[in-house]
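# Structural overview for review
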Amino acid sequence: MHWSREWLGARATILLPTLVAVLSFATGVANITAPISGILGTAVPESLQQAAGFTGALTGFSLLLSVFGLRRRLRIAWYVTVVLLPVSALQGVVQSSPLSLPLVVLSLVSLPTVLLNRRRFDRKLDLSTTQLAAGAALLGAQVYGTVGTWALREEFVNVETLTDAFYYTLVTASTVGYGDVTPVSERATLFGMSVVVLGTASFAIALGSLLGPALEKRFAEVLGNMTDAQLDLLENHVVVLGYGDLTEPIIEELVGATDFVVITPDSETAARLQQRDIAVLTADPSDEEPLQRAGIDDARAAVAATNDDAQDALSILTAHSINPDLNIVAAATERENIEKLRRAGASTVISPAQIGGHLLVQSALGREGMENIADHLLDIEREDEADI
């Protein structure tokens, strides 16, 4: 069961297309000038093989962009990936080179994994008004420059086709300006100046709309928050509901044993945990939204141990309402709250103080073997870890 989740789960759905993207780009660049030496070498024209190499590099780059969308669980990224994987395999066949064989095989292997995980990618592309305006401004500036340059092509040097017009607009708006296309009339010069102003402004707006979310993610990391991309990769993990004195030993046991995420409303605590490379989400664990962001539906268990039984009960109640089949383990600070935590939805309730007090009292009364009991519990845990 565990191996199937690893090889067919969300991580594999992202890792395999990433490898295909890298291979597609690398083999595409290599096959642009490489001689045709594969099985179909005599049947594929050299021009077509070189074209497949060029487009293969573009496909690899496009597939890499779609992988970023997969990390955010975007449905449109899933559709793009499903389309690009067969395209990359076909391009590998057309390239007809031994270098393309791993690309073809990996593309065909990756496709079933992506298809099996379709339900995981259910988010719509949510663009802000600023991002939509930036995209419209960038597209509008390119269309304006291309159409205007084509209409005035007689007044430009080296503008003969629509491609030349778009090329001039692109290098002008991006401030590259190679100088191979120049205006020869005052009207064309004035038009070129307008392309510079509108093009650079649209590029600046588009760049700002892209940098804004990146800065927000950076601030989230500084404040001790996981990004949405990191949260989306969690599966078969443990959700720690809150943080308290009892939670620290639990975290020490979880580190290295399994993936887990801590949900705590204390930003200072979250920042300290983040500095220790511990996955953390700054939010109230008794709210539904942070639990859903933390992947409570895909979690293997949840742990509540904050020294505040009332808060733990609320967190357990919320987690149980979202995922009734979830294994929820709670630590009761007060003995009388054990049944209350069970009624809230905890599968197992342990009272560390009661267990520790019992061992200490029995040892103080002269009963031997109390320390051996504690050591035996730890030995059982070590044996279980060794069996795994």
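Residues numbered from 1 in each chain as written. Predicted model: local features only at pLDDT ≥ 70, side-chain atom pairs only at ≥ 80, totals over all residues. Heavy atoms only, no water.

## Thoughts on helix H7 (residues 162-173)
- Along its 12 residues, H7 runs 16 Å from first to last C-alpha, staying within 8% of the 16 Å computed at 1.5 Å per residue.
- Count one or two residues on from H7 and you reach Thr175, which has phi positive near 65°. (Helix = DSSP H or I, 4+ residues; strand = E, 2+ residues; numbered from the N terminus. Expected span 1.5 Å × (residues − 1).)

## Observations regarding the UniProt feature "transmembrane region" (unreviewed entry) in the chain
- Under the UniProt annotation, the feature "transmembrane region" (unreviewed entry) is placed at residues 51-69, 76-93, 99-117 and 190-211.
- The distance from the first to the last C-alpha atom of residues 76-93 is 26 Å, and the span holds 100% helix and 0% strand.
- Secondary structure content for residues 99-117 is 84% helix and 0% strand, while the C-alpha to C-alpha distance between its ends is 29 Å. (UniProt positions renumbered as here; feature names shortened; annotations may be inferred.)

## Some remarks on the side chain of Thr318
- If you trace the backbone, Thr318 turns up in helix H13 (residues 309-322).
- Polar side-chain contacts of Thr318 include one of 2.7 Å to the backbone oxygen of Ser286.
- In contact with Thr318, other than residues within four places in its own chain, are Ser286, Asp287, Glu288 and Leu291. (Polar contact = N/O pair within 3.5 Å; in protein donor to acceptor, adjacent residues only side chain to side chain. Contact = heavy atoms within 4.5 Å.)

## Focus on the packing of helix H6 (residues 129-151) against H7
- Their axes nearest at 8 Å, the elements H6 and H7 cross at an angle of 130°. Regarding the angle of H6 to H7, the classification is oblique. In the packing of H6 onto H7, the handedness of the crossing is right-handed. Side by side, H6 and H7 meet where Ala141, Gln142, Gly145, Thr146, Thr149 and Trp150 of the first sit next to Leu162, Ala165, Phe166, Tyr168, Thr169, Leu170 and Ala173 of the second.
- Residues belonging to the contact of H6 with H7 are distributed by class as follows: 8 nonpolar, 5 polar and no charged. (Axes fitted to C-alpha atoms, helices over the stretch in contact; angles between N-to-C directions. Parallel < 35°, antiparallel > 145°, perpendicular 65-115°, else oblique. Left-handed = near helix turned anticlockwise from the far one by under 90°. Nonpolar A, V, L, I, M, F, W, Y, C, P; charged D, E, K, R; others polar.)

## Considerations on the nonpolar core
- Formed by 26 residues in total, the largest nonpolar core has its most connected members in Val239 and Ile316.
- Broken down by secondary-structure element, the contributors of at least two residues to this core are strand E1 (238-241), strand E2 (260-264), strand E4 (301-304), H13, strand E5 (327-331) and helix H14 (338-344).
- Grouped together as the second largest cluster of nonpolar side chains are 17 residues, Ile14, Val20, Leu63 and Leu70 included. (Core = buried A, V, L, I, M, F, W, Y, C linked by side-chain atoms within 4.5 Å. Buried < 20%, exposed > 50% of the residue type's maximum accessible area, 1.4 Å probe, protein only.)

## Topic: a nonpolar patch on the surface
- Residues Phe25, Val29, Phe61, Leu64, Leu65 and Phe68 make up a contiguous nonpolar surface patch of about 590 Å² in total accessible area.
- Taken together, the elements giving at least two residues each to the nonpolar patch come down to helix H2 (10-33) and helix H3 (46-71).
- With 4 residues, the single largest contributor to the nonpolar patch is H3.
- Along the polypeptide, Phe61 turns up in helix H3. (Patch = residues over 30% accessible without salt bridge, like charges linked within 9 Å, V, L, I, M, F, W, Y side chains within 5 Å. Areas by Shrake-Rupley, 256 points an atom, 1.4 Å probe, with all protein chains shown as cover. Salt bridge = Lys/Arg side-chain N within 4 Å of Asp/Glu carboxyl O.)

## Let's talk about the packing of aromatic side chains
- Scanning the model with the defined rule gives 4 aromatic pairs in all.
- Across the ring face of Trp78, the terminal group of Arg118 is positioned such that the distance to the ring centre comes to 5.4 Å. (Phe/Tyr/Trp six-rings, centres within 6.5 Å; stacked < 30°, edge-to-face > 60°. Lys NZ or Arg CZ within 6 Å of the ring centre and 35° of its normal.)

## Quick notes on the pairing of E5
- In terms of strand pairing, E4 meets E5 through 4 bridges, oriented parallel. The residue bridging Ala304 from the neighbouring strand is Ala330, located in E5.
- Remark: the E4/H13/E5 crossover connection has right-handed handedness.
- As paired strands, E5 and strand E6 (residues 348-350) are joined by 3 bridges and run parallel to one another. Residue pairing for E6: Val329 is matched across the bridge by Thr348.
- As for the winding sense of the linkage, the β-α-β connection from E5 through H14 to E6 is right-handed. (Pairing = 2+ DSSP bridges. Right-handed = clockwise from strand over helix to strand, strands pointing away.)

## Points about the pairing of E2
- With 5 of 5 residues buried, E2 is to be regarded as a mostly interior element.
- Alternating positions in E2 separate into two faces, Phe260, Val262 and Thr264 on one and Val261 and Ile263 on the other, with burial throughout.
- Across 4 bridges, E1 lies against E2 in parallel orientation. Across the sheet, residue Val239 finds its bridge partner in E2, namely Val261.
- Regarding the hand of the β-α-β motif, the stretch spanning E1, helix H10 (residues 247-254) and E2 is right-handed.
- Relative to strand E3 (residues 280-282), E2 is paired through 3 bridges, and the arrangement is parallel. Of the residues in E3, the one forming a bridge with Thr264 is Thr282.
- For the crossover from E2 across helix H11 (residues 267-275) to E3, the handedness is right-handed.

## A word on the confidence of the model for the chain
- Looking at the chain, pLDDT values average 79 and 75% of them are 70 or higher.
- Mean pLDDT across the secondary structure elements of the chain bottoms out at helix H1 (residues 2-8), with 49, and peaks at E1, with 93.
- Between residues 1-6, whose pLDDT stays under 50, and residues either more than four places distant or in other chains, the model counts 7 contacts.
- Throughout residues 380-388 the model reports pLDDT below 50, and contacts reaching past four residues in sequence, or to other chains, amount to 1 contact. (pLDDT = per-residue confidence, 0-100.)

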